[in-house]
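Given next are the chains, with one letter for each unit.
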Amino acid sequence: TPPVSQTFVAVDIETTGLDLDRDRITEVGAVRFDADGLVLDSFESLVNPGREIPRFIEEMTGITNGAVKGAPVLSDIATALMVFAGDSTIVGQNIGFDLAFLRRGAVYFPGQAVDTAALSRLLIPNLPRRGLMDLAAHLGVPAEEHHRALPDARAAANIFVALRKQAETIEPLVRLQLARLVAIHDLAMAEAIAGDEWREMPVSERALPSVRRAPAYASLDKKETRTAIPAGRVRSVFAAADTVIDDFEERTEQVQMAEAVGESFRRGGHYMVEAGTGEGKSLAYLVPAALHALANGERVVISTNTINLQEQLFTKDIPALRRMLKAAGVIEDESALRASLLKGRSNYLCLRRWTASYASNLGDPDFAKLAAAMLLWLPETDTGDRAELNLDGDDWSTWHRFSAQDTDCLQRPNAQVREGNCFLQRARKSAESAHLVVVNHALLLADIAAGGGAIASYDHLIIDEAHNLEDVATKQFGGMVSRRTLAEALDGIHRPRRSDQREGGIVTLLKALPEGAVTMAAAALEEAVGAVHPKMAPCFEQLAAFLPRTGEDDRLLIDRSVRAQPAWEGPENAWDALDKSLRGVLGIVSRAAEAVAATGGGDQADTLAGEVSSAARRLEELRGTLQDLMSTTGDETIVWIARERDGTASLNSAPLDVGPTLWEKLFEKKRTVVATSATLSAGGSMDYAARRLGFDQPGTLQLGSPFDYERSTLLAAFTDIPDPNDRAYTDAVAAAVVQLVKASEGRTLALFTSHAALKKTAEKARRELEEAGISVLVQGADGSPARLRDNLVEHPRSVIFGTASFWEGVDIRGDALSMLIIAKLPFAVPSDPVYRARSEQYDNAFGEYALPGAVLKFRQGFGRLIRDKSDYGVVAVLDRRVYEKRYGQDFIDALPRCTRFRGDTAAVAARAREWLTR
């Protein structure tokens with residue numbers, strides 16, 4: 001292969017959106033430059049996209065519909081652009097996106113391409129954000145106006161040159177090693193890192209990356225007699241907070257909660273604490289937890305729903321806690337309070353698997369790609385945690401081959417464990433020595449499902465975001481199998497060569513061994529896996545045939561009546577054929593593992609045999625799950641079919657009730673359990689949440705929010721919007737959304753309970769809103785929730801149409817969000833299989849199950865608006881049942897006392913405008 005051209009062309013485009021099929025290019029910019037960064041020429045042109053540019057894209061880029069009206073279409077400039085680029089190496093930020101849009105317009109470049117974002121992942125592995133502006137700022141290179149093609153192309157050129165210079169600072173042997181790994185899957189990037197030198201690198205010089213030495217871990221000094229937190233100690237810690245935390249404001253509710261949690265440690269038992277938005281509940285439980293742990297040498301485990309909150313607790317709240325404790329004289333040095341962040345096994349690199357594979361598997365493209373991403377990271381990491389890396393989807397799949405999942409190193413110590421280099425062992429030892437251990441709900445529940453061992457023994461548990469625990473337990477204790485998940489497991493054994501991917505899986509590793517028995521097993525495996533694929537589609541297509549062909553209902557509960565239908569023989573017969581093929585693959589895998597182990601190849605052979613067995617376990621687990629779900633008829637398990645994106649179906653299961661399991665395996669065994677959330681009560685009681693979570697008569701405490709909702713929040717209801725079951729409802733909702741969003745001049749989040757309703761309403765409202773200069777951002781069409789949130793913050797004259805993921809966890813402070821629209825009361829869909837099965841447990845399913853659940857979700861949605869003491873806005877509820885139905889008062893009573901208004905749409909819009917402009 002000839003070396004990469006030393007003339008480069010940076011390319012950038014602007015588009016009407018992110019959808020390759022629907023959206024089009026609006027501007028092209030390109031810069032030709034040499035290896036030293038000297039600009040030789042530039043190319044720039046607006047492009048008529050042939051479709052309307054959405055308002056938020058106009059605002060973001062400054063490229064208007066008027067500006068492109070007389071511009072050339074892409075085909076008119078295609079030849080000039082291709083001549084400009086010639087055979088130069090193409091450079092760009094996430095260049096694959098640009099090239100895909102250009103190829104769609106028949107613009108092709110013969111030169112190779114280098115993605116600056118991907119290159120930065122290799123050279124700056126720990127950088128948390130790597131957008132164009134982030135990279136430019138980190139590297140200290142010029143970056144002009146963002147979201148215009150030519151300035152962004154110039155920035156990409158500057159970043160590329162700076163990254164090449166950074167590569168030159170890497171120790172030569174490591175740099176050549178990195179280039180050699182990269183060259184297996186990306187020659188152009190390898191040349192960008194090390195020119196042609198890597199081609200001559202001897203195999204014998206492939207040195208393993210070094211690993212930092214593990215720190216020393218102290219042990220907890222548990223006291224024989226438990227010491228209660230002294231009266232007033234909690235208050236004294238909060239009193240010292242304003243000396244070490246900027247803008248700290250003492251809140252009565254926060255101290256009340258902290259004292260109550262402290263009392264729970266003294267008494268023991270189970271407690272549920274509802275803490276209103278803005279109370280600062282993290283510090284409210286961290287302060288007494290730390291005081292108890294320090295005084296008694298006892299471990300307190302804190303579980304959160306999301307890894308994001310885990311990280312926030314560990315990197316923000318616990319450091320603040322340490323400063324508070326030191327300022328209050330509780331500790332002399334901040335390091336006296338030890339805290340640990342603990343995740344599941346799959347998050348940690350298994351160094352034994354890695355080192356045994358490193359020297360021999362450079363020909364495996366999957367391994368080489370992941371190894372390149374980790375080469376500079378591995379000597380710098382203390383944790384071996386994959387969260388420190390920015391891996392793409394393919395890398396995640398490869399990571400599982402080398403993670404600590406399914407390893408037995410801690411039971412059978414090897415050299416890495418004995419030397420303290422095992423990252424899983426480090427994480428466990430850190431947790432064993434810590435006063436506070438921060439986990440997430442998934443790990444907490446996986447630990448109890450496995451009988452313990454992942455989390456060091458503990459007697460005290462705090463569950464934050466407790467309202468999510470039932471849903472996480474439902475997933476953790478349930479199962480799901482689809483054609484996609486089975487295909488991924490089979491790819492781990494053998495992935496055939498495809499147009500966009502090289503051959504992969506353990507078969508490629510087996511083929512590299514010269515022993516005849518192993519190569520024969522590899523050939524047999526390749527043939528057996530190939531025979532499975534044709535049998536997967538019929539099985540999942542037969543399941544999909546039971547689903548309705550039209551409508552929103554893409555799930556079906558599989559009960560005894562469904563299994564009794566003659567048509568059920570279809571999926572059963574298809575499963576029998578698929579199962580026979582899967583068992584055939586597993587039998588050959590077992591023989592392959594034995595053949596590898598018999599080669600006498602030492603650690604490398606042992607590791608390869610372990611990889612073979614691990615891939616087999618993943619496939620066996622899915623096969624076993626599918627077998628169970630095809631035959632399960634027990635009343636304690638819910639089984640249902642769900643439609644997948646590929647038109648086939650998945651088979652899913654969940655326990656009928658997770659509460660008894662949580663009680664028996666978790667809560668009953670702990671001296672202290674405190675479950676807290678901003679939303680635990682419905683109808684003034686926590687009975688619903690307590691039953692769902694499995695608590696037996698817990699102590700309860702409800703604390704309000706310190707916010708003045710009467711001053712900050714207008715709660716509006718409507719008299720002229722039809723019932724949600726009325727045909728005119730969607731049109732009326734769209735008209736109301738238009739008037740409300742105009743009244744607030746954007747700055748709006750509209751919450752829906754289904755994607756179908758969201759899309760219909762957005763389609764009806766879009767034109768009028770965009771004509772008013774307001775951008776319409778639709779979840780699922782205009783980007784990820786994070787991108788939509790960022791767009792609203794950057795360009796507040798916008799409205800987000802959101803569903804499930806926007807009802808909670810969204811934190812937009814200030815004027816960027818001033819209007820919250822709740823289109824419909826969030827009752828569960830009656831046909832939802834889990835809801836349907838669980839509701840049958842109640843004598844009064846609506847009043848005892850459906851209504852409390854909807855009220856809790858309604859409160860979560862309401863909580864998106866007021867996130868700070870200075871926030872101000874309007875909550876508009878478009879569902880007339882909130883005042884027409886008797887149960888509607890339960891929703892209103894569940895909210896803090898707001899200023900209320902009720903009228904027709906025009907009156908509400910006028911009142912909202914007045915409220916927001918006074």
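Everything quoted here is computed from the prediction, not taken from an experiment.

> Mind laying out helix α6 (residues 132-139), listing which residues take part and the relevant values?
Inspection of α6 places L132, L135, A136 and L139 among the buried residues, and these make up the whole buried set. Seen along its axis, α6 keeps its buried residues to an arc of 100°; they face one direction. Turning to α6, the residues buried within the fold contact α5 (116-123) and α7 (149-168). Phi turns positive one or two residues past the end of α6, at G140, with a value near 70°.

> Explain the pairing of strand β9 (residues 436-440) to me, using residue names and the numbers behind them.
The buried count for β9 comes to five of five residues, which makes it a mostly enclosed element. Judged by which residues are buried, β9 turns out to be covered on both faces: L436, V438 and N440 on one side and V437 and V439 on the other are all buried. Relative to β9, strand β7 (residues 300-304) runs parallel, the two being bridged by five bridges. Within β9, the residue paired with S303 across the bridge is V439. Strand direction decides the pairing type here: strand β8 (residues 339-341) and β9, joined by three bridges, are parallel. In the strand pairing of β9, L341 is matched with V438.

> Summarise the pattern of salt bridges; cite the residues concerned and give the values.
If you walk through the whole model with that rule in mind, you get 42 salt bridges. With a shortest N-O distance of 3.9 Å, D782 and R22 are connected by a salt bridge. Of this pair, D782 sits in the loop between β19 (775-778) and α32 (785-794) while R22 sits in the loop between β1 (7-15) and β2 (25-34); the two residues are 760 residues apart in sequence, bridging distant segments of the chain. E249 is the partner of K869 in a salt bridge, and the nearest nitrogen-oxygen pair spans 2.8 Å. Here K869, found in the loop between α34 (845-862) and β22 (873-877), pairs with E249, found in the loop between α10 (233-239) and α11 (252-267); they are 620 residues apart in sequence, far enough to count as distant. Given a relative accessible area of 40%, E249 falls into the partly exposed group. One network of salt bridges, with partners in common, ties together R22, D23, R51 and D782.

> Explain the packing of aromatic side chains to me, using residue names and the numbers behind them.
Taken as a whole and judged by the stated rule, the model has 22 aromatic pairs. Ring centres 5.2 Å apart and planes at 85° place the aromatic pair F858 and F891 in the edge-to-face group. Placement of F858 in helix α34 and of F891 in helix α36 (residues 888-893) is noted, with a sequence separation of 33 residues between them. The structure contains a cluster of three or more aromatic residues connected by ring pairs, namely F827, F846, F858, Y887 and F891. Looking at K857, its charged tip hangs above the ring of W807, at a distance of 5.4 Å from the centre. One cation-aromatic arrangement involves R902 over Y883; the distance from NZ or CZ to the ring centre is 3.6 Å.

So, how was this worked out
- Residues numbered from 1 in each chain as written.
- Predicted model: local features only at pLDDT ≥ 70, side-chain atom pairs only at ≥ 80, totals over all residues.
- Heavy atoms only, no water.
- Buried < 20%, exposed > 50% of the residue type's maximum accessible area, 1.4 Å probe, protein only.
- Helix = DSSP H or I, 4+ residues; strand = E, 2+ residues; numbered from the N terminus.
- Arc of directions from axis to C-beta.
- Contact = heavy atoms within 4.5 Å.
- Pairing = 2+ DSSP bridges.
- Salt bridge = Lys/Arg side-chain N within 4 Å of Asp/Glu carboxyl O.
- Phe/Tyr/Trp six-rings, centres within 6.5 Å; stacked < 30°, edge-to-face > 60°.
- Lys NZ or Arg CZ within 6 Å of the ring centre and 35° of its normal.

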